[in-house]
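Residue strings, one per chain:
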Amino acid sequence: MKVCIVGAGAIGGYLGAKLALAGETVTLIARGSHLEAIQKNGLKLLMADGSGQIATPFLATSDIQEAGPQDVVILTVKAHSVPAIRTSSPALYNPDTMVVTAQNGVPWWYFRKYSSEYEGTRIQSVDPNGIIEASIGADRAIGCVVYPATEIIEPGVIKHIEGDRFTLGEIDGSKTERIQLLAQTLKQAGFKAPIRNQIRTEIWIKLWGNVAFNPISALTGATLEDICRYPLTRELARQMMTETQAIAEILGIKFGITLEQRINGAENVGSHKTSMLQDIEAGRPTEIDAIVGAVAELGKLTQIPTPYIDTIYASVKLLEATKVRI
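What counts and how
- Residues numbered from 1 in each chain as written.
- Predicted model: local features only at pLDDT ≥ 70, side-chain atom pairs only at ≥ 80, totals over all residues.
- Heavy atoms only, no water.
- Helix = DSSP H or I, 4+ residues; strand = E, 2+ residues; numbered from the N terminus.
- Buried < 20%, exposed > 50% of the residue type's maximum accessible area, 1.4 Å probe, protein only.
- Contact = heavy atoms within 4.5 Å.
- Pairing = 2+ DSSP bridges.
- Axes fitted to C-alpha atoms, helices over the stretch in contact; angles between N-to-C directions.
- UniProt positions renumbered as here; feature names shortened; annotations may be inferred.
- Polar contact = N/O pair within 3.5 Å; in protein donor to acceptor, adjacent residues only side chain to side chain.

### Considerations on the environment of Ile136
Here is step 1: By the element assignment, Ile136 lies in helix H4 (residues 131-136).
Here is step 2: For Ile136, a relative accessible area of 7% corresponds to the buried category.
Here is step 3: Counting along the chain gives 18 residues from Ile136 to Tyr118, while the straight-line C-alpha distance between them is 21 Å.
Here is step 4: Ignoring sequence-local partners within four residues, the contact set of Ile136 consists of Leu75, Tyr93, Val99 and Trp108.

### Some thoughts on the sheet that holds strand E1 (residues 2-6)
Strands pair in a sheet through their backbones, by hydrogen bonds, and they do so in one of two ways: parallel or antiparallel.
Here is step 1: The strand order across the open sheet built from 7 strands is E5-E2-E1-E6-E7-E8-E11, with neighbouring strands paired in mixed fashion. Sheet topology places strand E5 (59-61) and strand E11 (166-170) at the edges, where each strand pairs with a single neighbour. Within the sheet, the average angular offset between the axes of one strand and its neighbour, ignoring direction, is 20°.
Here is step 2: Relative to strand E2 (residues 25-29), E1 runs parallel, the two sharing 5 bridges. Along E2, the bridge assignment pairs Cys4 with Thr27.

### Comments concerning the UniProt feature "domain: Ketopantoate reductase N-terminal" (unreviewed entry) in the protein chain
Here is step 1: In the UniProt entry, the feature "domain: Ketopantoate reductase N-terminal" (unreviewed entry) is given for residues 3-172.
Here is step 2: The span residues 3-172 shows a helical share of 19% and a strand share of 34%, and its end C-alpha atoms are spaced 23 Å apart.

### Notes on the side chain of Ser89
Here is step 1: Secondary-structure assignment places Ser89 in the loop between strand E6 (70-75) and strand E7 (93-101).
Here is step 2: Since its relative accessible area comes to 4%, Ser89 is described here as buried.
Here is step 3: At 3.1 Å, the side chain of Ser89 and the side chain of Ser135 are in polar contact.
Here is step 4: Residues within four places of Ser89 in sequence aside, it is in contact with Ile64 and Ser135.

### Examining the pairing of E7
Here is step 1: The sheet contact formed by E6 and E7 spans 5 bridges and is parallel. Considered in E7, the bridge of Leu75 is made with Thr101.
Here is step 2: Of the strand pairs in this sheet, E7 and strand E8 (residues 141-146) are connected by 3 bridges, and their pairing is parallel. By the bridge assignment for E8, Val99 is matched with Ala141.

What follows is the structure, given as C-alpha cells:
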C-alpha cells in the first residue's frame, strides 16, 4: 500500500519505519534536522529489546504536495497542528484514500455518523471553523487510538519504549473491507491492530486518564507515578476523571474498568513524563484544547458541571501563553 505518515515524529516515525521495513511504499512528512537525518541516513528504529534497524522510506519530504495521492494517510501530528495542513493535504487524496486520525483527545468527527441527539454537532475546541472536516471529510476518516510509547532520541532515530497496539474503528461502527485491509497491513508490519465497532468507547478510556494526568503533569513537572502516589494530586485526578466519566456516560459510553483501576494503570507506567509535560519543557504548544478543552465543552453540551476540569484547563492555557514559544 501507498502510505503517507504526516508528522513522522516519535509515533509517526515508529509507524513509518515498521511499515517501510514490511515492504509498504511509505512517504514520511517531517521537517528540520529530523528530516535531514532521514534523507541522509534513513530512519533508525531502536526497539525496546535492544535491537535496531534502519528503514528507507520511498520518500521523505516536508512538502505534502510532493507525495501525491495515497492509499492511506496517517495523521500523527498533534491535534492543534492539523488545521495547518488543511490546504495541502488534499493533494494526498484519491477517491478511496483513508485518513487515519491518530491524535490524542476528542476527534473532530466525534458527532459525525453518530446516532444521537448530538448528531452533527461541531466540537469548537478541536475544529472551530469546520476547516478540518471540510479538508478531510467524514467519509475518509478512520478512528485510531494510539498506545505505544516512543521518543526521538536524536534526529533520525526513534526509540521504542513500550506498546505496539493501534486500535482502529470506522466512525459509523461498521467493519468495512477497507478497515480490514488497513488492520492487516499494520499486523503484517508487526503491530496489534484490533478493529472496534465502538471506537468512541476506546477513545474515552484513554482520554479518561489523559484529561487529568497530562495537564497535572504539565503544571507540576511530575511523572505519572508521582501524581498517583501523592494523595492531593491523586484526589485531584480522581475528581477530574469523575467529571469526565459523567459526561461520557451521558453520551452513552460504558466504562469496562473502574476509576481506581484506571488510576492504578497510570501509576504502573512509572516515572513517565506525559506528552503535555514534554511539550511544555520543549517550549512547544500542547494538546490542551483537544484533551481538556474539548471535555469541558462537552460538559457544557451535556449540562454536566466541570469545575475541576475548568480550573486546570485555565491554568494550563495560562502556562502555555506565558511559557511556550508559539
